[in-house]
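# Structural features, examined
One-letter residues, chain by chain:
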Amino acid sequence: MNQSKGYVYALFAIVVVGTGLGGMTQTALNAMADVVLGDLGTEIGWGQWLATIYIFCMGAAVPLASYVQRKLSVRSLILYSYGLYLIGSLCDCLAVNFPMLIIGRVLEALGTGVLMPLLQTIAMTRFPENRHGTAMGIAGIALGFVPNIGPVVGGALCTAFSWRAMFLILACASAVLIVCALAVVREREVKDAAAHLDVTSLVFSTFGFGGLLLGFTAAANMGLTEPLVWAPVLVGIACVALFVTRQRTISEPLLDLRIFKFREYRVSIVAQCLLYGCFMGMTLIMPLTVIEAGGHNAFEAGLVLFPGALAALVFEPGAGMATDRFGARRVAIFGGCFLVAGALLCSIVPSNVPLWLMALGQTLRCVGLTTLIPTTTSWGLGSLGKAGLTTHGSAGMIMSRQIAASLATAVMVFLIGCFPLSGEFMGFHAALGFSALLALGCLLVVIAKIPRSGRGANS
């Protein structure tokens with residue numbers, strides 16, 4: 001590809017920052033939802049929809065990645081995404097009621113859902129093969145680090161100024177990114193102007209993947225007998241089955257299922273599902289454990305999570321560079337060991353231990369997570385490049401790990417509810433133990449399935 005390194009780096013930086021905005025938007029409201037709802041005169045029970053609608057819309061947008069990357073130029077795609085960010089953030093900042101806030105969340109989620117696969121595609125197609133790990137490590141800052149500090153930033157801004165300040169900053173940042181994109185991104189050509197969108201596939205994917213995400217997320221906050229839990233899951237399963245069947249029969253599939261013919265990709269999907277299932281639920285379970293089982297306040301719970309978020313800032317790009325130098329196997333095993341050690345420590349310590357010990361376990365877990373994400377992603381997607389399936393692989397990977405994370409979180413919340421609150425708080429230990437089991441599974445997959453060369457043969 002005849003592009004200067006400077007241009008590729010500038011393009012990559014613009015997309016990394018934009019995707020990071022989407023990640024921060026997703027999680028920032030977690031720390032200030034009660035204040036926002038109180039200000040808008042909305043009952044606290046509606047608060048879950050701030051996260052649920054974001055997850056649903058982002059999940060619906062991700063499968064569109066392959067189509068929009070063929071139909072639109074890179075310049076147009078970036079400008080449209082940041083335009084959605086800007087309008088959505090302004091809508092949230094100026095919201096006078098709850099529906100207006102929800103509309104803003106929908107627009108932000110749609111922009112995020114399209115940008116995430118684009119970020120991974122740029123990392124895997126615009127950089128030399130021996131720099132894929134490094135590129136994915138930098139991309140991981142937007143995918144891993146920024147969402148983790150979202151609640152901290154949101155809570156701090158809400159306390160110091162107002163909850164609207166968060167969205168004002170996001171709107172200003174979006175406007176700056178639009179100006180940067182106009183000045184830097186010059187790719188106006190489209191890959192396939194005649195690309196056809198199969199609307200039936202889009203409907204199936206929206207209600208399929210979106211339904212699963214919605215149902216699993218709701219299960220983390222409601223009983224399994226609630227219609228908002230089981231109805232979306234049943235609809236989701238049926239629509240995913242119809243979606244998969246249709247992709248096998250049409251000439252322009254929304255998600256090309258040939259990606260699953262590649263052994264590296266299949267292994268990385270399994271590892272990442274276990275990885276995200278282990279870790280992402282902890283953003284909810286760990287604060288609950290610290291507050292309800294340990295008797296601490298919300299600020300102290302945030303302090304437990306914060307060192308791990310800082311560790312991600314260092315280990316995410318570092319792991320990518322190490323993968324390029326030493327191969328995927330060594331780096332993945334290193335990360336897997338840290339993941340297991342942190343998960344086990346959190347699951348076995350009593351609830352009344354000092355906060356620094358819980359923070360240590362969470363930090364070890366974060367080191368493992370941020371080491372494994374760029375390693376398994378670059379190794380898994382690397383096999384798809386020559387077949388031209390990187391965009392499809394990115395979308396499939398993101399959807400799979402989101403669904404796994406939502407399901408694992410629901411299981412952890414279910415386990416907490418299975419045990420009555422007692423002096424031992426067994427439910428929390430059961431949830432943390434389940435997380436440790438997933439971590440161990442991820443490590444075993446890495447050891448058994450990633451070859452010593454770091455590259456496996458396709459099957």
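Preceding this paragraph is the structure being described.
In this report, the structure presented in the accompanying data block is examined.

The rules behind these values
- Residues numbered from 1 in each chain as written.
- Predicted model: local features only at pLDDT ≥ 70, side-chain atom pairs only at ≥ 80, totals over all residues.
- Heavy atoms only, no water.
- Helix = DSSP H or I, 4+ residues; strand = E, 2+ residues; numbered from the N terminus.
- Buried < 20%, exposed > 50% of the residue type's maximum accessible area, 1.4 Å probe, protein only.
- Contact = heavy atoms within 4.5 Å.
- Salt bridge = Lys/Arg side-chain N within 4 Å of Asp/Glu carboxyl O.
- Axes fitted to C-alpha atoms, helices over the stretch in contact; angles between N-to-C directions.
- Parallel < 35°, antiparallel > 145°, perpendicular 65-115°, else oblique.
- Left-handed = near helix turned anticlockwise from the far one by under 90°.
- Polar contact = N/O pair within 3.5 Å; in protein donor to acceptor, adjacent residues only side chain to side chain.
- Patch = residues over 30% accessible without salt bridge, like charges linked within 9 Å, V, L, I, M, F, W, Y side chains within 5 Å.
- Areas by Shrake-Rupley, 256 points an atom, 1.4 Å probe, with all protein chains shown as cover.
- Nonpolar A, V, L, I, M, F, W, Y, C, P; charged D, E, K, R; others polar.

What follows concerns the overall build of the protein chain. Summing up its helical and strand segments, the protein chain has 17 helices and 0 strands in all. Of all 459 residues assigned to the protein chain, the portion counted as buried reaches 58%. A fraction of 82% describes how many contacts in the protein chain between residues 6 or more apart in sequence connect residues 24 or more apart.

Let's shift gears to the pattern of salt bridges. Tallying each qualifying case throughout the model produces 5 salt bridges. Notably, a salt bridge pairs Arg 105 with Glu 108, separated by 4.0 Å at the nearest N-O pair. Placement of both Arg 105 and Glu 108 in helix α6 (residues 98-125) is noted, with a separation of 3 residues, approximately one turn of the helix. The same class applies to Arg 105 and to Glu 108, which are both buried. With its nearest N and O atoms 2.8 Å apart, the salt bridge here joins Arg 258 to Asp 256. Of the residues examined, Arg 258 reaches a relative accessible area of 40% and is grouped as partly exposed.

What follows concerns the packing of α6 against helix α7 (residues 132-160). Following both chains from N to C, one finds α6 and α7 inclined at 160°, their axes separated by 8 Å at the closest point. Between α6 and α7, the crossing angle belongs to the class labelled roughly antiparallel. The crossing of α6 and α7 is right-handed. Counted together, Met 116, Leu 119, Gln 120, Ala 123 and Met 124 of α6 and His 132, Ala 135, Met 136, Ala 139, Ala 142 and Leu 143 of α7 form the full contact between these two elements.

Summarising the element assignment, Tyr 265 is placed in helix α11 (residues 263-280). Sequence-wise, Tyr 265 and Ser 383 are 118 residues apart; in three dimensions their C-alpha atoms are separated by 7.1 Å. When near neighbours in sequence (up to four residues on either side) are disregarded, Tyr 265 contacts Ile 259, Phe 260, Gly 380, Leu 381, Ser 383, Leu 384, His 392, Gly 393, Gly 396 and Met 397.

In this fold, Thr 391 is placed in helix α16 (residues 390-418). Reaching out from Thr 391, the side chain makes a polar contact with the side chain of Gln 69 at a distance of 3.2 Å. Once residues lying within four places of it in the same chain are set aside, the contact partners of Thr 391 are Ala 65, Ser 66, Gln 69 and Thr 121.

Take a nonpolar patch on the surface next. On the surface, Val 199, Val 203, Phe 207 and Val 235 cluster together into a nonpolar patch covering about 330 Å² of accessible area. Looking at which element gives the most residues to the nonpolar patch, the answer is helix α9 (residues 199-219), with 3 residues. Inspection of the secondary structure assignment puts Phe 207 in helix α9.

All right, on to the packing of helix α5 (residues 74-93) against α6 then. Here α5 crosses α6 at 155°, and the two axes come no closer than 8 Å. In terms of orientation, α5 and α6 fall into the roughly antiparallel class. Classified by chirality, the crossing of α6 by α5 is left-handed. Residues belonging to the contact of α5 with α6 are distributed by class as follows: 15 nonpolar, 6 polar and 3 charged.

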